[in-house]
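Residue-level listing of the chains:
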Protein chains: 2
Amino acid sequence: MNIMIIGAAGMLGRKLTASLIAARYLGGKTIDSIALVDVIAPDAPQTSDLAISTRAVDIADPDVAKTLIASRPDVIFHLAAIVSGEAELDFDKGYAINLDGTRYLYEAIRQAGTTSPYCPRFVFASSIAVFGAPFPDKIGDDFFQTPRTSYGTQKAIGELLLSDYSRRGFLDGVGIRLPTICIRPGKPNKAASGFFSSILREPLVGLEAVLPVSEGTRHWHASPRAAVAFLIHAAEIDTASLGLRRNLNMPGLSATVGQQIEALRRVAGARAVSLIRREPDAMTIEMVDGWAKDFEAARAISLGFKAESSFDEIIKIYIDDELGGVLPR
Amino acid sequence: MNIMIIGAAGMLGRKLTASLIAARYLGGKTIDSIALVDVIAPDAPQTSDLAISTRAVDIADPDVAKTLIASRPDVIFHLAAIVSGEAELDFDKGYAINLDGTRYLYEAIRQAGTTSPYCPRFVFASSIAVFGAPFPDKIGDDFFQTPRTSYGTQKAIGELLLSDYSRRGFLDGVGIRLPTICIRPGKPNKAASGFFSSILREPLVGLEAVLPVSEGTRHWHASPRAAVAFLIHAAEIDTASLGLRRNLNMPGLSATVGQQIEALRRVAGARAVSLIRREPDAMTIEMVDGWAKDFEAARAISLGFKAESSFDEIIKIYIDDELGGVLPR
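What counts and how
Residues numbered from 1 in each chain as written. Chains lettered and ligands numbered in written order. Predicted model: local features only at pLDDT ≥ 70, side-chain atom pairs only at ≥ 80, totals over all residues. Helix = DSSP H or I, 4+ residues; strand = E, 2+ residues; numbered from the N terminus. Rg over C-alpha atoms; globule rule 2.2 N^0.38 Å. Buried ≥ 20, exposed ≤ 12 C-beta atoms within 10 Å, placed from the backbone. Contact = placed C-beta atoms within 7 Å. Nonpolar A, V, L, I, M, F, W, Y, C, P; charged D, E, K, R; others polar. Pairing = 2+ DSSP bridges. Axes fitted to C-alpha atoms, helices over the stretch in contact; angles between N-to-C directions. Least-squares fit on C-alpha atoms with pLDDT ≥ 70 in both. Domains from an automatic or database assignment. Parallel < 35°, antiparallel > 145°, perpendicular 65-115°, else oblique. Left-handed = near helix turned anticlockwise from the far one by under 90°.

With that settled, the discussion passes to the overall build of chain A. Each helix and strand counted, chain A has 12 helices and 14 strands in total. A compact globule built from 329 residues would reach a C-alpha radius of gyration of about 20 Å, and chain A, at 20 Å, matches this within 12%. Here chain A holds 329 residues, and the buried ones make up 47% of them. Here the contacts in chain A between residues at least 6 apart in sequence split such that 77% fall between residues at least 24 apart.

In structure tokens:
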């Protein structure tokens, strides 16, 4: 089986690649090759038993999709996107990559299928940004898509096209709406959601972190490890069980910032907690207030998707996967 | 005020044109001109006090939108679409006109706004085809969009773009999801929904009609007169009351075929009813079963949109508007 990961150089792409190489199988079949695609050439992990290729391309170029699909991968993971903040700042770039780039991929697959049968599994990384406030306390599986960002609009359109192309038999799509990924490894960044990770990540290694919202702020989380497992499960499930509704709210953990901090105290002690500096920021408070806080995700759970059930677990996963299993003393 | 109607040659476009000419005002302002646009040149009604122009264009041509928007209409009604059946048969044509054609219009408006301020009211005729079964008994205003046709997918995407372009301030959009229009004037056509009209329209003038489904079949209806009133109200409402949620389920009348027939009996007598020939058709039964049956439409009703409350009223509107107010003897 041949796999392609588009957006392979990002955090999730790299973790997915490592996970597939370690597993060597996907859906019960041996993995023969993985093509890693991104706007910058992804690193090719060293491996002896399967072929890894890398490519740097711009998916907003209408001709690129054809050349990517020419190799007819059996499974395509599409993770590439201009993130929310940038898609808001650069309207044209967001639409070019998140909408047109995605549509070119679907179209290239459809066109490839006109010469000889081809219907790859297509896993689309969507987002809870397809939803917009006001929300019910717990968002059900049949809540409507009213995004409040261009990014969320582009993801919602990518989902609708994925469903229609699947219904027509051009591809075999599964769209998964990822929760906010926590704890995101790496340096603090400027994403408005970054503090959900940094208030845990920085104190765990003895560094200060800024909390711009109140402890009562509730949000929807899953670990990077859970997110990679969602992607792999989406590639493996029997899509007959999805019917025509190909896009799923992923499970996650609904937690307040206060609950995150209490978990940090249990795992890393009071000194870690004391490194969190409260600096309320009106703009962040307002933005975060418009985000989804809790989901039912009953359908995805019944289909076998699994997330963490406590923030202690999420923190321990970070310590295992990013800090070698131990906290620095 | 200058108005443009795209899709002006269709049934709703012609009735909207006539209604605007008769009113002479829209949103309290005098109408100076109406530009009628369609793929075939619309008829220009005779009128002395306002300028009517007509144009035949293909909105799937990327350059057409710019030339249409160059005149900077204050209000644009976008009714043009490849209908459901044809969009299903011709995948490329449906996407080219219903998705790309609509997006070109939005983009041309945004581009026009970069040279000098321009933010027209844009009324988008959407459809309950953005929804797909299974449904709750009554579809609420926050039910998700999972279309089961390419047409419904294209309308749902047009809505999402309308919202995002409105949020960004590029245009001032209102999307209205129209019920099935009943009684549709004209000859019987091959649309799967056509029988809802023909079982009333044909018997009213002494002709036979075929009923392919059971009398218990429930569906969601509004008269052509109500649909034109929706369009005009959508052009006139204060969009501040919509917030970021620019797309609305229109009110309608939920009725069974049996209720339609009883109304026909009350208005036109038993002889008219006897002209309905029952010929169950498995394919039509299955298709219609997947369509929405009832809506709350609470939001649209609170915003002042109004539909009929009985089929007697819908039949009488047809007799008034299409048969000169009297039944032929």
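Time to look at the interface of chain A and chain B. Contacts between the two partners involve 19 residues from chain A, matched on the other side by 19 residues from chain B. Broken down by element, the residue count for the side of chain A that touches chain B peaks at 8 residues, all from helix α5 (residues 150-167) of chain A. A breakdown of the residues in the side of chain A that touches chain B according to their chemical character gives 8 nonpolar, 6 polar and 5 charged.

Moving on: the sheet that holds strand β8 (residues 172-178) of chain A. Residues and elements named next belong to chain A. Across the sheet, 7 strands lie side by side as β5-β4-β1-β6-β7-β8-β12; this open sheet has parallel pairing. Two strands lie at the open edges of the sheet, namely β5 (51-56) and β12 (247-249), each paired on one side alone. Along the sheet, successive strands turn relative to each other by an average axial angle of 15 degrees, direction set aside. Where β8 lies against β12, 3 bridges are found, and the strand directions are parallel. Bridge pairing in β12 places I176 opposite L248. Lying over the sheet, helix α7 (residues 224-236) contacts β6 (75-78), β7 (121-127) and β8, oriented at roughly 160 degrees with respect to β8.

Now for the pairing of strand β11 (residues 218-222) of chain B. Within a regular strand, the side chains alternate between the two sheet faces. All names here are of chain B. Burial analysis of β11 places 4 of its 5 residues in the buried class, which makes it a mostly covered element. In this sheet, β11 lies alongside strand β9 (residues 180-181) in parallel orientation, the contact comprising 2 bridges. Bridge pairing in β11 links I181 to A222. Of the pairings in the sheet, the one linking β11 to strand β13 (residues 253-256) comprises 4 bridges and is antiparallel in character. Each bridged residue has a counterpart across the sheet, and for W220 the counterpart in β13 is S254.

Let us look at the relation of the copies chain A and chain B. You can overlay chain A on chain B at an RMSD of 0.0 Å; the transform is a turn of 180 degrees with a shift of 0.0 Å along its axis. Here the copies are linked by what is in effect a two-fold axis. Residues of chain A ranked by C-alpha distance from the rotation axis are headed by F144(A), positioned 1.9 Å from it. Mapped onto chain B, 100% of the interface residues of chain A are again interface residues, and the two copies thus contact each other with one and the same surface.

A common way to state how big an interface is: give the accessible area lost once the parts meet. Residues and elements named next belong to chain A. Each assigned domain of chain A is listed here: domain 1 (2-179 + 224-244) and domain 2 (194-220 + 252-322). Between the C-alpha centres of domain 1 and domain 2 the distance comes to 26 Å. Of the residues lining the interface, 19 residues belong to domain 1; the matching set on domain 2 comes to 18 residues.

Where strands meet in a sheet, backbone hydrogen bonds hold them as pairs that are either parallel or antiparallel. Pairing is mixed in the open sheet, where 3 strands are placed in the order β9-β11-β13 (chain B). Each having just a single partner strand, β9 and β13 of chain B make up the two edges of the open sheet.

A word on the packing of helix α4 (residues 91-115) of chain B against helix α5 (residues 150-167) of chain B. Residues and elements named next belong to chain B. Two elements in contact, α4 and α5, have axes whose closest approach is 9 Å; the angle formed by their N-to-C orientations is 10 degrees. Taken together, α4 and α5 sit at an angle that is classed as roughly parallel. Residues F91, G94, Y95, N98, L99, T102, R103, Y106 and R110 of α4 lie in contact with α5, whose contacting residues are S150, Y151, Q154, K155, I157, G158, L161 and Y165. Considering only residue class, the contact of α4 with α5 consists of 8 nonpolar, 6 polar and 3 charged.

Residues and elements named next belong to chain B. Mapped onto the elements, D49 comes out in the loop between β4 (33-38) and β5 (51-56). Since 9 C-beta atoms lie within 10 Å of it, D49 is described here as exposed. Sequence-wise, D49 and R72 are 23 residues apart; in three dimensions their C-alpha atoms are separated by 21 Å.

Residues and elements named next belong to chain B. Contact pair helix α1 (residues 11-23) / helix α7 (residues 224-236): the axes reach a minimum separation of 10 Å and the direction vectors enclose 65 degrees. Our classification of the angle between α1 and α7 gives roughly perpendicular. Judged by the twist between their axes, the crossing of α1 over α7 is right-handed. In this structure, α1 uses M11, L12, K15, L16 and S19 to contact α7, whose residues at the interface are P224, A227, V228, L231 and I232. When grouped by side-chain class, the residues that make up the contact of α1 with α7 number 8 nonpolar, 1 polar and 1 charged.

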